[in-house]
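Notes for the structure review
Spelled out, the chains give:
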Amino acid sequence: MDDAINASFNISDNGSSANISFGNESNTLTYDTTAFSSVYVSVKTMGGSVPYFGFTPPKEIDEINIDLSAWCSSIQNNTTLIEFNQAGLMPITDFIIEDNIKSKIEQYIEGRSPSYSLVQEPYIVVFALFKDAKIPREFYVQFLTAKGETITLMHSVLSQTEYTNEMVEQIINDWAEACSKLFGIKILHRFFTTTDIGTRATSDYPYKNLFSNAENYRKIIDKGILYIVDETDKVGFSIINDSSFLNQYAMKDIVDKMEYASITFEDLIDQEYYITAL
């Protein structure tokens, strides 16, 4: 049996040729095959055009003579991923900017079933929690989206021991006014009595300053998606830039009058903005 194996590939921009032949030819690489009495070889291609090539039945190594030129020419229009380098993969969630969408995909990947709701009328609700039905001790402001998701905009444990009804009403009105600068949806207020006062700090909530920064939100439109963002706190919302979606939140007129942001979509990624999809 021959003790030299030669395989040659020559691919260029002007043309492609790829011939595989085995035999006793001149080459800088030689392999000692005296330990084998016979070797069978088959060739399989991935990607490219299947009619040009695919898989060959095993043949004696010295009978192999295959022309892959036509197949090589077809690779440009039909590539196939055939190998990953170590640590070469990135999770798909790294390419998703919206935190709530990213969370649902992560749940699915981990084998947990993400929750889904039918489309509903979105609204904002302000909760006032009282202790002993007299003293207001906590406020929650929550945004219920058209997809049935709940976004806590603010949670505050009050330091004052005495709040009058007028003060409670003023907090509710202030938040309603702030939210109305971004969304034209209805704003509700609810009152509960509790002895279990929460301890989570308001600073844990990305949208905690929407109350004071609502007028500072600006818009970015990229590939059919509208982003309204607060460039100070690096937070925002995204929604399909279409009247039917914008009207769900009664925000089309608001967005039409909104100024454009000084940043781009790429900045949202580079600066790690916290974005919620509506």
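These notes cover the structure that comes with them. (Residues numbered from 1 in each chain as written. Predicted model: local features only at pLDDT ≥ 70, side-chain atom pairs only at ≥ 80, totals over all residues. Heavy atoms only, no water.)

**Focus: helix α2 (residues 99–109)**
What α2 keeps buried is the set Asn100, Lys104 and Gln107. One side of α2 holds all its buried residues, which, seen down the axis, span an arc of 60°. Of the surrounding secondary structure, the elements contacted by the buried residues of α2 are β13 (274–277). Positive backbone phi, at 85°, marks Gly111, one or two positions downstream of α2. (Buried < 20%, exposed > 50% of the residue type's maximum accessible area, 1.4 Å probe, protein only. Helix = DSSP H or I, 4+ residues; strand = E, 2+ residues; numbered from the N terminus. Arc of directions from axis to C-beta. Contact = heavy atoms within 4.5 Å.)

**Examining the pairing of strand β12 (residues 235–240)**
In terms of burial, β12 is largely enclosed, as five of its six residues are buried. Relative to β12, strand β11 (residues 225–230) runs antiparallel, the two sharing six bridges. Looking at β12, one finds that Asp230 is bridged to Val235. Linkage of β11 to β12, two consecutive antiparallel strands, is achieved through a turn of four residues, within which Lys234 is found at a positive phi near 60°. Bridging between β12 and β13 involves four bridges; their strand directions are parallel. Each bridged residue has a counterpart across the sheet, and for Phe237 the counterpart in β13 is Thr276. (Pairing = 2+ DSSP bridges.)

**Describing unusual backbone geometry**
Here the phi dihedral of Lys223 falls at roughly 50°; this positive angle occurs in a residue that is not glycine. With respect to the element layout, Lys223 can be found in the loop between β10 (218–222) and β11. At Lys234, a residue that is not glycine, the phi angle is positive and equals roughly 60°. Considering the arrangement of structural elements, one finds Lys234 in the loop between β11 and β12.

**Concerning the packing of aromatic side chains**
In the structure shown here, the tally under the stated rule is nine aromatic pairs. Ring geometry for Phe183 against Phe237: centres 5.5 Å apart, planes inclined by 85°, an arrangement best described as edge-to-face. Here Phe183, found in the loop between α3 (165–180) and β9 (187–193), pairs with Phe237, found in strand β12; they are 54 residues apart in sequence, far enough to count as distant. Phe237 sits in the buried class, given a relative accessible area of 1%. Taken together, a centroid distance of 4.6 Å and an interplanar angle of 15° make the contact between Tyr207 and Phe237 stacked. Of the two residues, Tyr207 sits in the loop between β9 and α4 (210–213) while Phe237 sits in strand β12, which places them 30 residues apart along the sequence. Joined through ring pairs, the aromatic side chains of Phe143, Phe183, Tyr207, Tyr217, Phe237, Tyr249 and Tyr274 make up one cluster. The ring centre of Tyr260 lies 4.6 Å from the NZ or CZ of Lys219, which sits over that ring. (Phe/Tyr/Trp six-rings, centres within 6.5 Å; stacked < 30°, edge-to-face > 60°. Lys NZ or Arg CZ within 6 Å of the ring centre and 35° of its normal.)

Shape descriptors only; they carry no functional weight alone.
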